[in-house]
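# Examining the three-dimensional arrangement
Residue-level listing of the chains:
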Amino acid sequence: MEFTAKAIADMLHGVVEGNPDVKVSTVAKIEEGSPGALSFLSNPKYSKYIYTTQSSVVLINNDFVLEQNVNATLIRVKDAYESFAKLLSMVSAAQERKVGIHSQSVVESSAKLGEDVYVGAMAYIGHGAKIGKNVKIYPQVYIGDNTVIGDNTVLYAGVKIYQGIAIGNSCIIHSGAVIGADGFGFAPQQDGSYQKIPQIGNVIIEDNVEVGANTTIDRATMGSTIIRKGVKLDNLIQIAHNAEIGTNTVIAAQTGVAGSTKVGENCMFGGQVGISGHITIANGVKLSAQTGVPNSIKEPNEVFIGTPAMPSRKFSRSFVVFKQLPELKRDVDEIKRLIDKG
Amino acid sequence: MEFTAKAIADMLHGVVEGNPDVKVSTVAKIEEGSPGALSFLSNPKYSKYIYTTQSSVVLINNDFVLEQNVNATLIRVKDAYESFAKLLSMVSAAQERKVGIHSQSVVESSAKLGEDVYVGAMAYIGHGAKIGKNVKIYPQVYIGDNTVIGDNTVLYAGVKIYQGIAIGNSCIIHSGAVIGADGFGFAPQQDGSYQKIPQIGNVIIEDNVEVGANTTIDRATMGSTIIRKGVKLDNLIQIAHNAEIGTNTVIAAQTGVAGSTKVGENCMFGGQVGISGHITIANGVKLSAQTGVPNSIKEPNEVFIGTPAMPSRKFSRSFVVFKQLPELKRDVDEIKRLIDKG
Amino acid sequence: MEFTAKAIADMLHGVVEGNPDVKVSTVAKIEEGSPGALSFLSNPKYSKYIYTTQSSVVLINNDFVLEQNVNATLIRVKDAYESFAKLLSMVSAAQERKVGIHSQSVVESSAKLGEDVYVGAMAYIGHGAKIGKNVKIYPQVYIGDNTVIGDNTVLYAGVKIYQGIAIGNSCIIHSGAVIGADGFGFAPQQDGSYQKIPQIGNVIIEDNVEVGANTTIDRATMGSTIIRKGVKLDNLIQIAHNAEIGTNTVIAAQTGVAGSTKVGENCMFGGQVGISGHITIANGVKLSAQTGVPNSIKEPNEVFIGTPAMPSRKFSRSFVVFKQLPELKRDVDEIKRLIDKG
C-alpha cells in the first residue's frame, strides 16, 4: 500500500510541513530511513537524525523545535509515537482483510459460524463448535468439538484447540499454540507403572488475551484452567492443568507454571521462570528471568530472583559475596591458622 | 451424555442411597458442585462438603459414616476416587468414538491401515506406513514414510512424525509433538562453518508412553533414540538424538535431555531440568525443577537439586548460608579488623 | 536401497579389500554391526572392533594397519569418517526425491514457484510468495503472503512461516518451527491493561541455516530479526523480535534470546541458556547450559556459566566454596565464640 503525506496527516489529524504529495510505502526507524519510508521522532536522544534521515515522511511532536532545515516532509501530531502506533494498527488491520470460508477447509455441519468469519484452507472446525463474529481462522487451524471462540479473535496458522474449550473476544493466538491438551496427571501403581487420570476439565481464556507461538495451555483435570482477561503470554510457555493466571499479567517466553497454581493480577515474569504447583503468587509480583519459585509469594509487588527465589535485593547482596567466596574462605583459613598458632 | 444414579451404580458395582433416578450430565469437585453434577468424596479433609454440596450425585466410600442428612444421592463403592477415575475413563472412551477415513485426508496407497482406524481430515499417511488396529489419527497429523504405529495409539491434531519411526501400542501423543526430526549434529569446518552430519537413525517409542504437547524427540544419528514403555513426558520437552529414557520414568514440562544420555527406570524429573549429553542417570533418581546435571548420577533413588546438581540436603544446608552471606562476610571482616588491631 | 562394496568404493574413490560383491542395505556402528550393514572405523579407540564386527562392509583409513584377519570386506579411503558422512549425504539426498505439486495443496495464483519444487499435501502457499528452485515443502506447511524462500531449502511437515519473511538458500527448517509470529510488545495503559504494539517488521534468515523443531523466531517490531548465514538452531529455541544471531553461531535446545539482543559470530550456547534483551554478546563466546546473561559480554571467546553469568573458572572456584558453606559458617561461628571468650 502507498499513502501520501496528506492522507496520513488526515488519518492522524496532523499538520503537514513540506510536500504533502510525497508518497510512502513502508516504515523505518528514523536512523535507518530510506526514500519512500515513514518514520517517527519521539525520544529526544534521536533528535539529531531528523536532519539527516533519508525517510520521506517523519511524524514529530507538535512542540518539537527545528534547529535546521530538514529534507523530509514532517507531520506534526500531539504524540508522535502514539500516532505512529495507531497508524500501524490501522494499516495492519487493513492488510488483514481475510474473509470467506475456503473450499478446502472442513466445517462440521453442527458448527455455527458468526458473520464475516474467515476460515482458511485446510482448517478444521469440529462438531458443535461456535465461532463468533469477525473471527479469523488461518489455514491448518484445528478447533475441537464444542469449542467456543468469541468475536474478533484471530487464530494464526496451525493453532490447535482441543474439544470443549472457551476462548473470549479479541484474543490473538499464534501459530503452533496448543490449548486444551491433557493435564499431566497419573496415579502411581504397585508395579511402578502409572495409570492415566482422565482429564475432563477444560480451558477458559477470557477477552483480550494474546498467546504466543508454540505455547501450551493444558486442560484441567476437573474444572478449568483459567487465563484471565488482558493476559499476555509470550512463546513456548507452559501453563499446566488447573492453573489460573490473573488479569493483565504478562509472562515472557519459556516460562512454566505448574498445576493448580494461582498467579495474581498485574504480575510480570521474565523468561524461563519456573513456578511450582499448588501455590499462590500475589498481585503485582515481578520475577526476574530464570527465577524458580517453590513456595507461595504473599507480598504483593515484590521483585524476586534466583532458584529458590529470593527478594531481589537480598539475592544481590548474597551474590556479591558468592563471587568473593574463594577469598572469604582464604581469610577464614588464615584466621584459623593464626588462632591455632596463637 | 446423561446418566441416572442407578446407571452409574450399575457400572461401578455400587449401592445407591437416595433417589436412583436423579440424572447427572457433568462432573464437579464436591466443594464446587451444582445440580446435575457428579462428585466424589475420598479425602477426609473434604468430608464436611458432603452435607452442603449442590452436586446431585456423590460417590463415597463404603465405610464413610454420615453424621447428618445429605441432599445428594450417594453411591457407595469400595474406593470412591478409584471408581470416579474409572467412570471418567469409561465416559471419555465412549466420547472418543471417532471412526472412519476422512475423504479430505491423504493416505498413500502403499500404507497399511489396521481395523477400526480413524483418520481425520487433512491428515497425511506416507508411503509404506503401517497403522495398527483402533488407532486414532486426528486432523492434520503427519506420518512419514515407513513409520509404524501400534494398536490403540492416539495421535492428536497436528502431531508430526517423520519417516521410519516406530511407535508402540496404547501410546498417546499430544498436538504439536514432533517425533523424529534430525538430531543436532554438525562437524566444524576450517572456515568456522559447520557441515551437517546426516541423521539416519530413528526413534523407537515403546508401549503405554504419553508424549505432551509440542514436545520434540529427535531421531538418532545412527541407531535409535529410545523411549521405554510406560514413560510419561509432559509438554515442551526436548529429547535429543540417541538418548534413552528408562521404563516408567516421568518427566515434567520444559525439561531437556541432551544427546546420547541414558536415563534410568522410574526416575522423576521436575520441570525445566537440564541433563547434559553422554551421561547416565541411575534408576529412581529424582531431580527437582530447574536442576542442571553436568555429570552422571550413579546412586539410585537419590534426590538432586541446583545447577550444577547437588544432593538435595547438601544444597539446602549450603543455601541457608548463601542467604546469610552478607552477614558472614561482615563477621569475617570484623574478625580481621580485630586481629589486625590485636 | 542396496549397494555392493564395489559400488560404494566407486562412489568414494576407495579401494576394496575382500569380496567386492557383498551387499549392504543399512548402516551400523562398528560395535553394533550385523550382516548387511556398512560401518566405518575412524577413532583408534574402536580399532579392536574391526576384528569382531558383524558388519559386512567397513570403511577404514588408508593408513590403518591390520594386525589380524577380518571377516568384513574393507574399503580403504583417505578419511573413513568423512567418506561415511559423504555417503550418508548422498544416500539421504537420493531418498528425498520428493517432487511435484500435490493436488490437495493450495498455492495461491499470484505465488511463484521455481523449478523442481515439491509441495506436499495440505501445504498452503500464500499470495505473492516466491519459492526458489528445488525447494521441498512437506505436507501441512504454511507460507504466508509475500514470503520468499531461497533455492534448495527444505521445510518439513507443519512448518509455519508468516507473511513477508525472507529465507535464504539451502536452509533446513524442522517441523513445528514458527517463523515470523508477532514480537512480544505491549504498551502499558493507565488502567493496568496493555495495548498491543503492532509488529510490522519481518524475519531475515540467511543461507545454510538450520532451525530445529518447534523453535520460534519472532518478527521485528520494525526492521528485521536476523539469523545470519550458517547459524544452527536446535529445537524449542526462542529468538525474540529484533534480535540478531551472528554467522556460524550454534545454539542448543530450549535457549532463549530476548528482544533486540545482538549475538556475535561463532558463538556456542548450551541448552536452556537465557539471554536478556538489548545487550550484545561478543564473537566466539561460549555459554554453558542454563547460563543466564543479564548484561553484555564484551570479551570475545570467553566461557561463561551460572545465573547471573560469571566467567567459568571464577564460578567453579566460588562453587567449590558454596558446597562447603555450612562448614565455613561453623568455622566463623567458632572463631567468634573464641574471640568473645578471649
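Every chain is numbered independently, its residues counted from 1 as its sequence is written. For this description, chains carry letters from A and ligands carry numbers from 1, given in the order in which they are written. Where totals are concerned, whole chains, interfaces and linings use all residues; where local detail is concerned, this predicted model gives features only for residues with pLDDT of at least 70, and gives and counts side-chain atom pairs only at 80 or more. Only hydrogens and water are removed before side-chain values are computed, so all heavy atoms of the structure are retained for them.

We call two strands paired when DSSP finds no fewer than two bridges between them. Working definition: helices are DSSP H or I runs of at least four residues, strands are E runs of at least two. Numbering for both runs from the N terminus. Taken in spatial order, the nine strands of this open sheet run S10-S13-S16-S19-S24-S27-S30-S33-S36 (chain B), and their pairing is parallel. The outermost strands of the open sheet, each flanked by one partner alone, are strand S10 (112-113) and strand S36 (280-281) of chain B.

With that settled, the discussion passes to the interface of chain A and chain B. The contact criterion used is simple: two residues touch if any of their non-hydrogen atoms lie within 4.5 Å. Counting residues at the interface gives 63 residues for chain A and 54 residues for chain B. Summed over both partners, buried area is the accessible surface (1.4 Å probe) that two parts give up on being assembled. By the criterion of area lost to chain B, the three top residues of chain A are Phe184(A), Tyr194(A) and Met222(A), representing 15% of everything that side buries. By definition here, a salt bridge exists when the distance from a side-chain nitrogen of Lys or Arg to a carboxyl oxygen of Asp or Glu is within 4 Å. At the boundary of chain A and chain B, one finds three salt bridges. Across the salt bridge formed by Asp145(A) and Lys98(B), the nearest N and O atoms sit 2.8 Å from each other. In the analysis that follows, any N or O atom pair within 3.5 Å is treated as a polar contact, provided that within protein one partner can donate a hydrogen and the other can accept it, and provided that, for residues neighboring in sequence, both atoms belong to side chains. Counting the contacts that link chain A with chain B gives 26 residue pairs in polar contact (both at pLDDT 80 or more). Of all the secondary-structure elements, those providing two or more residues to the side of chain A that touches chain B are strand S23 (194-196), helix H3 (312-323) and helix H4 (325-341) of chain A. The residue makeup of the side of chain A that touches chain B, split by class, is 30 nonpolar, 24 polar and nine charged. Under this grouping Gly is polar, as are all residues other than the nonpolar Ala, Val, Leu, Ile, Met, Phe, Trp, Tyr, Cys and Pro and the charged Asp, Glu, Lys and Arg.

When the copies are superposed, the least-squares fit takes in the C-alpha atoms of residues with a pLDDT of at least 70 in both. For the pair chain A and chain B, the best superposition has an RMSD of 0.1 Å and corresponds to a rotation of 120° with a translation of 0.0 Å parallel to the axis. The two molecules are tied by a three-fold rotation axis, judged by turn and shift.

What follows concerns the pairing of strand S5 (residues 37-41) of chain C. Residues and elements named next belong to chain C. With respect to burial, S5 is a largely interior element, five of its five residues being buried. In this scheme, a residue with accessible area under 20% of its type's maximum is buried, one over 50% is exposed, and one in between is partly exposed, where area comes from a 1.4 Å probe on protein chains only. Along S5, one buried face is formed by Ala-37, Ser-39 and Leu-41 and the opposite face, lined by Leu-38 and Phe-40, is buried too. Bridging between strand S4 (residues 26-27) and S5 involves two bridges; their strand directions are parallel. Looking across to S5, one finds that Val-27 is bridged to Leu-38. As paired strands, S5 and strand S6 (residues 57-61) are joined by four bridges and run parallel to one another. Pairing of Ser-39 across the sheet is with Val-58, part of S6.

The analysis is restricted to geometry; functional conclusions fall outside its scope.
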